[in-house]
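# Working through the structure, step by step
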Amino acid sequence: MYEVYGAPGCSYCERAKGLLEHYGAKYTYIDVSKDPDVQAAFFTKFQNVKTVPQIMYDGNDRGYPIHIGGYTELEKWFKSYERDRQRIKYTQGIDIGPKL
């Protein structure tokens, strides 16, 4: 499960949500401009960050949450995931050739 922290009118927030949907990833969208308490929590959670989106991965499969970063980092995250999937397929010896 992912958390996308964003704001209205943010094109990269929309792109991040679209990328998550493309990969079938579940996510929660949190509008940081909606409420001063939410905004304060955002800046407490992401110190030294001044832009949205900011994306978190719950890390249940790893045992700890991961701050991915913004849209560009999310894109790299999924490209890395695809490379790993392809490498695992290859190293597990899945036979994709014709049977003779």
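One structure accompanies this document, and this report is about it. (Residues numbered from 1 in each chain as written. Predicted model: local features only at pLDDT ≥ 70, side-chain atom pairs only at ≥ 80, totals over all residues. Heavy atoms only, no water.)

Turning our eyes to something else, we now look at unusual backbone geometry. Residues Val52 and Pro53 are joined by a peptide bond in cis, for which omega reads 5°. Secondary-structure assignment places Pro53 in the loop between α2 (36-45) and β3 (54-57). Phi is positive for Asn48, which is not a glycine, with a value near 70°. Here Asn48 lies in the loop between α2 and β3. What makes Asn48 exposed here is its relative accessible area of 77%. (Helix = DSSP H or I, 4+ residues; strand = E, 2+ residues; numbered from the N terminus. Buried < 20%, exposed > 50% of the residue type's maximum accessible area, 1.4 Å probe, protein only.)

Side chains of a nonpolar character, in soluble globular proteins, are inclined to be buried together. Counting 13 residues, the largest nonpolar core has Tyr2, Leu20, Ile55, Ile68, Leu74 and Phe78 as the members making the most contacts within it. Put simply, the parts of the chain that give this core at least two residues each are β1 (2-6), α1 (11-22), β3, β4 (66-69) and α3 (71-91). Of all hydrophobic cores here, the second largest spans 6 residues; its members include Val32, Phe42, Val49 and Met56. (Core = buried A, V, L, I, M, F, W, Y, C linked by side-chain atoms within 4.5 Å.)

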